[in-house]
Amino acid sequence: MMKTANPMYEGAPWCLGRYESFEVDKPRQITLLNHDYVVWRDKVGNLNAIDNICPHAGANLAQGGYIVDFQGKDCLACPYHGNKVQFFGDGKVAIDGNISNQAIQPVLPLEIVDGLVWTYGLSWSEKDGKLTAKAIEPKLPIPDFNHIHYLPKNYDRIQLEKLNHIYSRSELVKCNIAQAVWNIHDGEHFAGTHRDTMLSQEIKIDNLIQDEHKLAWELTLYKRTDSATKKNKMSLLLEPEFIQAFNTFLPSLAVVTLGFQGKLIAGIVTIYPETEKSIRICLDSYIDLEFSWWQKLIGVKRISNAFRDRLIMEDISIMENLYTTFNQKISLKNDTPSQLAMNYLQQF
Ligand code: FES
Ligand SMILES: [Fe+2]
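Keep in mind that what you see is a predicted model, and the values were worked out from it rather than measured.

Caption draft 1: Structural detail: the overall build of the protein. A tally of regular secondary structure across the protein gives five helices and 20 strands. Expressed along its principal axes, the backbone C-alpha trace of the protein runs to roughly 70 × 55 × 35 Å. When each of the 348 residues of the protein is scored for burial, the buried share is 33%. Nonlocal contacts in the protein, meaning residues at least 24 apart in sequence, comprise 60% of its contacts between residues at least 6 apart.

Set out below in structure tokens:
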């Protein structure tokens, strides 16, 4: 499809997930921009991220690395030579019990905003047989939840920390960032990709606005009325006419909101490039209410989360089945958000 000079959009902020998704003392591996890191939250609440490759004999620190106490501080012991080599979040390393004066292990800088973990990543290069990392210069700011359009009445901003977090899913997808961005902005795919889940007949896009890397629009889905649709279990969850607001912060974040009984439901979709050919997509859903006893009884949360599971799996299956190179010769009437997003990415 489109070739860009910067296929991984270096300089964009990437969200690695919710701060809460990193459990205390449980190191986790993440891959960002072709490099692996180990991330762990320590017992005082700091989130640490360093190069995942042990500089002694190349062990994968996230696979089996364990947290130990070193003079009252959490540090990460190498799974290979454990008490011999231990890592701190600032990149310093304790070797045989002596802490290095300087950082030895490259550190991935993290920023926590609204309970989400952001980073611009590091750029790695090889010089004289040695890999060196340098911080990537930011091109775009970290998204600001104060600027979300078309929220339900009574809301002027989203405060994730005040909402009830009800769903989280993170998946690896074999596609590139541009293909995922197309999918997120695609107005037409509800009637195709999600035909058995959204049951849409027609789609309408209103109030589309663009402010450089930020796009916002309202999407109305009209439910099919055939008898098969009425029998479909998903039908109960869907109104005949159903409006969702989209706010995207290219290339990494989309906020999908809707009102439910006057209350806010928000879906946060984040993507980041693991490599040129694979991305990680995360969906987290929040709701501004606690479930009532009868909603718990009929399992509203379970049913609506099964609905989210279906949507995300349908998207993944379509994203993994796209050709990367093709000539776009036709367009559909609700392609505009995708088209604007692609134009923006092209000159990133
Ligand atoms: S490989 Fe990590 S300490 Fe030896
Ligand atoms: Fe979708």
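Caption draft 2: Spotlight on unusual backbone geometry. With an omega dihedral of -5°, the bond running from Leu250 to Pro251 counts as a cis peptide bond. With respect to the element layout, Pro251 can be found in the loop between strand E17 (241–249) and strand E18 (253–260). Positive phi is not limited to glycine here, since Asp114 has a value of about 50°. Along the chain, Asp114 falls in the loop between strand E10 (111–113) and strand E11 (116–119).

Caption draft 3: Quick look at the pairing of strand E6 (residues 73–78). Counted residue by residue, E6 has five buried out of six residues, so it is predominantly covered. Pairing of strand E5 (residues 66–70) with E6, which is carried by five bridges, proceeds in the antiparallel orientation. Within E6, the residue paired with Asp69 across the bridge is Asp74. Once E5 ends, the chain turns through two residues before running back antiparallel as E6, passing Gln71 with a positive phi of about 45°.

Caption draft 4: How the structure looks around the sheet that holds strand E2 (residues 28–32). With antiparallel pairing, three strands are arranged side by side in an open sheet as E2-E3-E4. The sheet is open, and its two edges are formed by E2 and strand E4 (47–51), each paired on a single side. Each strand of the sheet is rotated relative to its neighbour by a mean of 30°, with strand direction disregarded. Here five bridges tie strand E3 (residues 35–41) to E4, and the two strands are oriented antiparallel to one another. In the sheet register, Trp40 faces E4, and the bridge partner there is Asn48.

Caption draft 5: Representation of the domain arrangement of the protein. As far as domains go, the protein holds domain 1 (14–135) and domain 2 (160–346). Between the C-alpha centres of domain 1 and domain 2 the distance comes to 33 Å. On the side of domain 2, 13 residues touch domain 1, which itself brings twelve residues to the contact. Looking at the side of domain 1 that touches domain 2, the elements that each hand over two or more residues are strand E1 (14–18) and E2. The element contributing the most residues to the side of domain 1 that touches domain 2 is E1, with five residues. Residues of the side of domain 1 that touches domain 2, tallied by class, amount to five nonpolar, five polar and two charged.

Caption draft 6: Fine view of the sheet that holds strand E20 (residues 279–287). As summarised here, the arrangement of the seven strands in space is E14-E20-E19-E18-E17-E16-E15, forming an open sheet in which the pairing is antiparallel. Looking at the sheet topology across the chains shown, the edges are occupied by strand E14 (164–173) and strand E15 (200–211). The average angle at which neighbouring strand axes cross in this sheet is 15°, direction not considered. Pairing geometry for E17 and E18, over five bridges, is antiparallel. Within the sheet, the bridge partner assigned to Thr248 lies in E18 and is Ala254. Each of E15 and strand E16 (214–223) touches helix H5 (residues 336–346); the most contacted strand, E15, lies at about 40° to it.

Caption draft 7: Seen up close, the environment of Leu237. In this structure, Leu237 sits in the loop between helix H2 (227–231) and E17. The class of Leu237 is partly exposed, set by 16 C-beta atoms lying within 10 Å. On a C-alpha basis, the gap between Leu237 and Ile142 in space is 34 Å, while along the polypeptide they are 95 residues apart. Leaving out residues up to four positions away in the same chain, Leu237 has contacts with Ile303, Ser304 and Phe307.

Caption draft 8: Highlighting the environment of Gly115. Along the chain, Gly115 turns up in the loop between E10 and E11. With residues up to four places along the chain from it excluded, the contact list for Gly115 reads Arg18, Tyr19, Glu20, Leu160 and Glu161.

Thresholds, definitions, all that
- Residues numbered from 1 in each chain as written.
- Chains lettered and ligands numbered in written order.
- Predicted model: local features only at pLDDT ≥ 70, side-chain atom pairs only at ≥ 80, totals over all residues.
- Helix = DSSP H or I, 4+ residues; strand = E, 2+ residues; numbered from the N terminus.
- Buried ≥ 20, exposed ≤ 12 C-beta atoms within 10 Å, placed from the backbone.
- Contact = placed C-beta atoms within 7 Å.
- Pairing = 2+ DSSP bridges.
- Axes fitted to C-alpha atoms, helices over the stretch in contact; angles between N-to-C directions.
- Domains from an automatic or database assignment.
- Nonpolar A, V, L, I, M, F, W, Y, C, P; charged D, E, K, R; others polar.

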